[in-house]
Structure formats: structure tokens, C-alpha cells
Amino acid sequence: MRKVTIVGAGAVGSTAAFALSESGLVDEIVIVDINDDRAWGNAWDIAHGVPLIQPVKVRNGSYADSKDSDVVVITVGVPEVTGESRLVPLRKNAAILNSIVPQIVENSPNGKILVVSNPVDILTYLTYKISKLPKNQVFGLGTVLDSSRFRCMLSNDFGIDGRSVHGFMLGEHGDSQVAAWSLTNIAGVSVEEYAEVVGKELPEGYHDLVENNVKQSAFDVWEKKGPNCYCVADAIKSVVCAILRNEHAILPVSSFLEGEYGLDNVCLSVPAIVAESGVVRTLEVEIAQDEKEKLLKSGNMLKSLIAELEAE
């Protein structure tokens, strides 16, 4: 029996529950929310369609109902507000995590905790510290979605299937994230080499243009329709499926680093092998020097925020 609990029945949590119900991989999905009516409504909305898909039990419930979950996905939290210090929502989210994480661990001590709430890297760090679980069991969605956006934009530019584009956004899931062009390839060659093969002329500053578009894209979507949820749900599903199917997939999840890339005692995204046990290992692969410097800067920025939060 493969069981997933989703904490938070908002746009992201409910859409993730729907995506997972359609995956055919999950036997039971429990939606937990402080607003139980909302959790009930979303659970039954999904459940009413189950006779049309592969069998899956979808229900609302308490943390006790989440018992023995294989994966617990945390989507609940207080969002950042433009112009407000990042420490304000961080304090509120830290209080939320202090309330819910012990209940998650009590009921699913062997489960993997996937943090989606933002700022995901710092909240992943806090969840890891609060849970006292082994580091392989606690990780964040990180730049899984950002990397998909990166690949999407390249696939659109070149008119090819996005699955044929390989590349990562690394570091913070935020403004300091880094496009790892040195790891990016199409048909096994660099973007520039592929462009030459197909006779496509790239505009000046193409790297910066794409990287900035990736960073801006979530805000563009938000401005048009509100929360980004469908793409986030797909990203969540990709990580959960990697766990449930023991895929040993390489994904840029946010995990606790202990010296990799010159960073320690911080959570951010680097390539990692994800399987049934969670993060099997992080991969310290060779990247360009300028990318490594940006990654260090990203990590140190996150560490400074953590230090401010812990000093209070």
C-alpha cells in the first residue's frame, strides 16, 4: 500500500493531490488542512472521479490519519509579501513547522518529507532540524520546477521535445538560482553546438536572457492567473514517483549539504539521486567556475538568513 499525505489543501496541495490520484502509483492520499472543510471538499471533488481512473482512496483527515505515509508533502505556509522583510513570513512559517512536523514524524517516522512551501530552502532546513530525521528523509522541491521551466524555454526556442533537453537550475529556489549551462545539453552537445548544427542564430546574451526569463516566469503566471499550481503539481509528482518507484532519478531537490560545492549546514538544490530511501546521495559534479561562485553566493545568502532567524 503506497500512501501519500499532503499537508495543505490550497491551490498547490489540492492540485498535487489530483495529479497523484491520476498517476496510478498511489493507493491512498490523505489531505490534511487546518480548514477541514476545504480539505474535505477537495478530497471528495477528486474522489468523485476515481471510478473513471485507476483505484485510489482519497480522503481528508488528521495527522493520525496520515499514519505510515510513505511520503508527506508540506504545502502549507505564509507567503512572502513584496516589500516585506523575508524574516516576517519566515518567523510565521517556522512556528507552523514547529507545530506540524513533530506530528508528521510521530505518525510516519519512516516516511519521506517533501517540503514545497516557500521559501523552500530555508523551510527545508528548518524541517530537517525540527524533525531530527536522517537527512535522506527530509528534502525540498527546490529547483525541480525551475529546471523544468529552463528546459521548457529551450525546447520552445529550438522547436524540440522538452524531454530531449537536459539541464539544471541550481541553488536557491529564488532570485539567486543559477543556470548550470556547463551541464546543459541537447543531443549530447552544448546549446551553442546544437544551434550551429541546426543553423539557428542565438541572440546576444542568450544565457542571461533565458536565465532571467526562468526567474521571472512564475511572477508572470501569477500576474495573469494567481498561484502557479499545475506545473508545481507535476514537479511534486515527479519527486513522489521517483520515491514510490525507487527510480534512482537525478533531480535537483533541495537537500542538506555537508561540504558539497564548498557549502555546509544549508539546504539548496544540487543534482541528487532520489529513490525509495529519499535522497540516496547528492552529486558533486564539475561545473563552470563562474557557476560555482554563483552557487556559493546563493548558499551563503541562505545561510545568512538562517543565522538571522536562529539568532532571534
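Scroll up a little and you will see the structure.
Since this is a predicted model, take the numbers as computed values, not measurements.

Caption draft 1: Examining the sheet that holds strand β14 (residues 272–275) more closely. Taken together, the three strands give an open sheet; going across it, the order is β11-β14-β15, and neighbouring strands pair in antiparallel fashion. Either end of the sheet is taken by a strand with one partner, and the two such strands are β11 (249–251) and β15 (278–282). Sheet twist, expressed as the average angle between the axes of neighbouring strands with direction ignored, equals 40°. Where β14 meets β15, four bridges bridge the pair, whose relative direction is antiparallel. Residue Ala275 lies in a different strand from β15, and its bridge partner there is Gly278. Running over the sheet, helix α8 (residues 230–244) touches β11 and β14 and is turned about 65° from β14.

Caption draft 2: Inspection of the packing of helix α3 (residues 87–107) against helix α9 (residues 289–311) at higher detail. Running from N to C, α3 and α9 point in directions that differ by 60°, and their axes come no closer than 11 Å. Read as a crossing pair, α3 and α9 show a hand that is right-handed. Across the interface between the two elements, Leu87, Leu90 and Arg91 of α3 pack against Leu305, Glu308 and Leu309 of α9. Of the residues contributing to the contact of α3 with α9, the split by class is four nonpolar, no polar and two charged.

Caption draft 3: Looking closely at helix α7 (residues 206–225). In this model α7 runs 28 Å from its N-terminal to its C-terminal C-alpha over 20 residues, within 8% of the 28 Å that 1.5 Å per residue would give. Remark: the principal bend of α7, roughly 40°, maps to Gln216. Within the span of α7, buried status applies to Tyr206, Val210, Glu211, Val214, Ser217 and Ala218.

Caption draft 4: Region of interest: the state of the cysteines. One pass over the full model with this rule turns up zero disulfides. Of all cysteine sulfurs in the structure, the one in Cys231 sits closest to Cys152, which takes part in no disulfide; the separation is 9.7 Å.

Caption draft 5: View of the environment of Glu312. Among the secondary structure elements, Glu312 is positioned in the segment after α9. Residues in contact with Glu312, not counting those within four places in the same chain, are Leu87 and Arg91.

Caption draft 6: Structural detail: the packing of α3 against helix α4 (residues 120–131). Their axes nearest at 9 Å, the elements α3 and α4 cross at an angle of 40°. Overall, the two elements α3 and α4 adopt an arrangement that is oblique. For α3 against α4, the interelement crossing comes out right-handed. Residues Leu90, Asn93, Ala94, Leu97, Asn98, Val101, Pro102 and Val105 of α3 lie in contact with α4, whose contacting residues are Ile122, Leu123, Leu126, Thr127, Ile130 and Ser131. Classifying every residue of the contact of α3 with α4 gives ten nonpolar, four polar and no charged.

Cut-offs used in this document
- Throughout this document, residue positions are counted from 1 along each chain, in the order its sequence is written.
- Residue-level local features of this predicted model are given only where pLDDT is at least 70; pairs of side-chain atoms are given and counted only at 80 or more, and the full residue set underlies all totals for whole chains, interfaces and linings.
- Calculated side-chain values reflect all of the structure's heavy atoms, with hydrogen atoms and water omitted.
- Two strands form a pair only when DSSP identifies at least two bridges running between them.
- Runs of H or I in DSSP of at least four residues are treated as helices and runs of E of at least two as strands, each being numbered from the N terminus.
- All axes here are fitted lines through C-alpha atoms, helices being fitted over the stretch that makes contact, and every angle between N-to-C directions spans 0 to 180 degrees.
- It only takes one pair of heavy atoms within 4.5 Å for two residues to be counted as in contact.
- Crossing handedness: left-handed means the near helix sits turned counterclockwise from the far one by under a right angle, and right-handed means the same turn made clockwise.
- Three categories are distinguished: nonpolar for Ala, Val, Leu, Ile, Met, Phe, Trp, Tyr, Cys and Pro, charged for Asp, Glu, Lys and Arg, and polar for the others, with Gly belonging to the last.
- Each residue after the first adds 1.5 Å to the expected span of a helix.
- Bend at a residue means the angle formed by two fitted axes: the first through the 7 residues ending at that position, the second through the 7 residues beginning there.
- Only protein chains enter the calculation, and the probe is 1.4 Å; a residue is then buried if its accessible area is under 20% of its type maximum, exposed if over 50%, and partly exposed in between.
- Criterion for a disulfide: a pair of cysteine sulfur atoms at a distance within 2.5 Å.
- Orientation is classified from the angle alone, with under 35 degrees giving roughly parallel, over 145 giving roughly antiparallel, 65 to 115 giving roughly perpendicular, and any other angle giving oblique.

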